[in-house]
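# Residue-level structural notes
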Amino acid sequence: YQDDGLKDIEKTFFEYFADFYPSIKIEKPTEVEIDKSDAIFTIKAYYRIVDGWEKDEDNNRKTIWGLPYELRADFPVFSGVARTAPYTIPYPAKIRQTLIFKVDDEYEFDDKDEPYETDAFKYREVNTFKDEVYKEVYTYETKQDNIAAEDASDVLAFVNTTRDDFGISIQNFITPPASSELSEKQWTQIILGLFGLLGIGAAIFAAIFAQNKDLEWRDKLLFHPVPLPKFILLSVVTLGHFQIYWLYKNWQWIKTVQKDDIWPVARALFASIMNFALFPRIAAEGDAENRYKWFSALSIPLAILYFASGVLDRVILRIPTLPDWLSALSMVSVLVLIPVAMQVNKYNTGREEFVALNGRFTWTTWLLIAVYLPLAAVSWFGVILIIQEMFV
């Protein structure tokens with residue numbers, strides 16, 4: 001800086017980046033900040049990449065690249081893994097480079113935190129995405145001046161893979177899709193809308209056709225037992241909507257058999273709160289010999305889990321950038337009521353002939369399955385993909 005001046009620094013930096021982006025232009029003059037007390041010399045250069053997108057007309061795609069150039073320059077270069085002598089690397093070297101991208105709500109990026117350390121160097125890449133800002137932070141520090149020959153095979157294999165994965169490519173459409181082509185976000189909104197309509201339709205259907213189909217044998221049972229295979233199948237296929245009907249039937253039993261002055265429909269629709277009253281009541285009913293020892297202790301925790309799953313559903317709808325595993329957890333929450341159904345069934349030991357009547361697959365049952373099955377298949381397939389990505 002003292003010998004050649006700011007203009008020479010500006011020219012050197014500009015030519016360096018022009019190798020990567022030929023259309024780059026200087027946005028405003030380069031700035032230098034000197035902190036003599038801490039011996040820090042800072043250069044700030046501002047550029048505009050006029051035509052940085054690489055276009056693929058055939059696929060209507062354009063791509064722009066971002067690379068940690070400074071780190072890449074000092075990072076070891078792969079030169080085969082079979083060595084009998086140490087592999088020399090610059091020492092000391094300590095680099096931290098950050099790439100920041102401000103994007104709109106069309107984009108989604110995965111978070112990442114991958115540290116790697118050997119006797120020769122430490123390396124870490126941390127990627128975060130929040131509030132439409134995607135950030136990649138790379139750090140690299142050498143600990144000695146060579147990679148030992150006996151470590152070269154593993155370390156240089158890592159080097160080779162890591163150099164290939166440096167940076168990010170961001171893609172977009174050259175020409176926006178025609179209005180007839182829906183985005184992933186629009187499809188998600190449509191599916192969620194259909195799911196809500198299915199729930200409303202199922203509730204109306206149950207109120208009209210199914211609310212009193214057990215009237216002849218309701219008082220022969222304790223609560224509303226349903227054989228477990230049918231309970232699980234309908235819970236999974238209806239993505240939990242059947243459970244609202246099942247909770248309604250239990251409140252209906254309390255109203256009509258035990259003569260409690262309650263409104264079963266409201267208690268079922270607000271099940272997230274009302275289960276704190278229902279589950280302990282189920283735990284207190286029936287013969288002690290038919291009561292699972294664990295159910296009394298779990299009645300309130302199960303109500304809390306059901307409440308939490310309802311809260312999670314609402315949070316996911318409002319914050320689309322939450323991790324995918326939370327969506328999978330929300331789906332799996334349909335299993336929370338299985339222990340409650342098991343206890344109700346246990347209370348009705350010896351009344352199997354009447355329980356079997358609730359377990360029949362009538363035309364209304366098959367119609368319910370047919371209506372929900374396409375949406376359920378897509379939803380559960382998505383859960384399987386999320387779980388596979390998490391553990392495989």
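Just above sits the structure.
Read on for a plain summary of the structure. (Residues numbered from 1 in each chain as written. Predicted model: local features only at pLDDT ≥ 70, side-chain atom pairs only at ≥ 80, totals over all residues. Heavy atoms only, no water.)

Here we come to the environment of S23. Position of S23 relative to the elements: it lies in the loop between α1 (6–18) and β1 (24–35). Taking the relative accessible area as the measure of exposure, S23 reaches 21% and is therefore partly exposed. A polar contact is formed between the side chain of S23 and the backbone nitrogen of D51, at a distance of 3.0 Å. (Helix = DSSP H or I, 4+ residues; strand = E, 2+ residues; numbered from the N terminus. Buried < 20%, exposed > 50% of the residue type's maximum accessible area, 1.4 Å probe, protein only. Polar contact = N/O pair within 3.5 Å; in protein donor to acceptor, adjacent residues only side chain to side chain.)

A separate point is the nonpolar core. With 35 residues, the main nonpolar core has F231, W246, L247, F279, I282, L337 and V340 as its most contacted residues. Contributing elements (two or more residues each) for this core: α5 (228–237), α6 (241–256), α8 (271–284), α9 (295–318), α11 (338–347) and α13 (363–391). Ranked by residue count, the leading element in this core is α6, at eight residues. Look past the residues within four positions of F231 in its chain and what remains in contact with it is V226, F242, Q243, W246, L337, I338 and A341. Core analysis: the next-biggest nonpolar cluster, separate from the first, contains 26 residues, L71, F101, Y134 and I168 among them. (Core = buried A, V, L, I, M, F, W, Y, C linked by side-chain atoms within 4.5 Å. Contact = heavy atoms within 4.5 Å.)

The next subject is the packing of aromatic side chains. Tallied over the full model, the rule gives 31 aromatic pairs. On the basis of an interplanar angle of 10 degrees and a centroid distance of 3.5 Å, the ring pair of Y116 and F158 is categorised as stacked. Taken as a pair, Y116 in strand β7 (residues 112–117) and F158 in helix α3 (residues 149–165) lie far apart in primary sequence, 42 residues in all. Residue classification places Y116 among the partly exposed positions, given a relative accessible area of 21%. Judged by centre distance (6.1 Å) and plane angle (70 degrees), the rings of W294 and F295 are edge-to-face. With relative accessibility at 0%, the residue F295 sits in the buried group. Above the face of the F173 ring, R61 is positioned so that its terminal group lies 4.5 Å from the ring centre. Just above the ring of W251 sits the side chain of R267; from NZ or CZ to the centre is 4.7 Å. (Phe/Tyr/Trp six-rings, centres within 6.5 Å; stacked < 30°, edge-to-face > 60°. Lys NZ or Arg CZ within 6 Å of the ring centre and 35° of its normal.)

It is worth spelling out the pairing of strand β6 (residues 94–102) at this point. Alternating positions in β6 separate cleanly, I95, Q97, L99 and F101 being buried on one face and K94, R96, T98, I100 and K102 remaining unburied on the opposite face. Both β6 and strand β9 (residues 133–142) contribute to a ladder of nine bridges, which runs antiparallel. Its bridge partner lying in β9, L99 is registered against E136. (Pairing = 2+ DSSP bridges.)

This part takes up the pairing of strand β8 (residues 121–130). Burial along β8 is one-sided: F121, Y123, E125, N127 and F129 are buried, while K122, R124, V126, T128 and K130, pointing the other way, are not. Relative to β8, β7 runs antiparallel, the two sharing six bridges. By the bridge assignment, E117 is partnered in β8 with K122. Linking β7 back to β8 in an antiparallel pair, the connection comprises three residues. In terms of strand pairing, β8 meets β9 through ten bridges, oriented antiparallel.

Turning our attention to the sheet that holds β6. Overall, antiparallel pairing links the four strands, which are arranged β6-β9-β8-β7 in an open sheet. In this open sheet, the two strands that pair with only one neighbour each are β6 and β7. Each strand axis lies, on average, 5 degrees off the axis of its neighbour in the sheet, ignoring direction. Sitting on the sheet, α3 touches β7 and β8, and the angle it makes with β8 is about 30 degrees. (Axes fitted to C-alpha atoms, helices over the stretch in contact; angles between N-to-C directions.)

Bringing the sheet that holds strand β11 (residues 168–173) into the picture now. Strands sit in the order β3-β4-β11 across an open sheet of three strands; the sheet is antiparallel. Strands with a single pairing partner mark the edges of an open sheet, and in this sheet they are β3 (54–56) and β11. Averaged over neighbouring strand pairs, the angle between their axes works out to 25 degrees when direction is ignored. Across three bridges, β3 lies against strand β4 (residues 61–66) in antiparallel orientation. Paired with K55 across the bridge in β4 is K62.

Below, the discussion takes up a nonpolar patch on the surface. A surface patch of nonpolar side chains, about 470 Å² in accessible area, is lined by I273, F276, I300, I304, F307 and V311. Elements with a minimum of two residues in the nonpolar patch: α8 and α9. Counting residues per element, the nonpolar patch draws most heavily on α9, which supplies four residues. Along the chain, F276 turns up in helix α8. F276 gets classed as partly exposed once you look at its relative accessible area, which sits at 31%. (Patch = residues over 30% accessible without salt bridge, like charges linked within 9 Å, V, L, I, M, F, W, Y side chains within 5 Å. Areas by Shrake-Rupley, 256 points an atom, 1.4 Å probe, with all protein chains shown as cover. Salt bridge = Lys/Arg side-chain N within 4 Å of Asp/Glu carboxyl O.)

Attention shifts here to the environment of R218. Note on placement: R218 falls in the loop between α4 (184–210) and α5. Overall, R218 belongs to the buried group, its relative accessible area being 5%. The sequence separation of R218 and W253 amounts to 35 residues, and the corresponding C-alpha distance is 7.1 Å. Beyond its immediate sequence surroundings of up to four residues, R218 is in contact with Q211, N212, K249, Q252, W253, T256 and V257. Within the local environment of R218, its side chain forms a polar contact with the side chain of T256, the two groups lying 3.3 Å apart.

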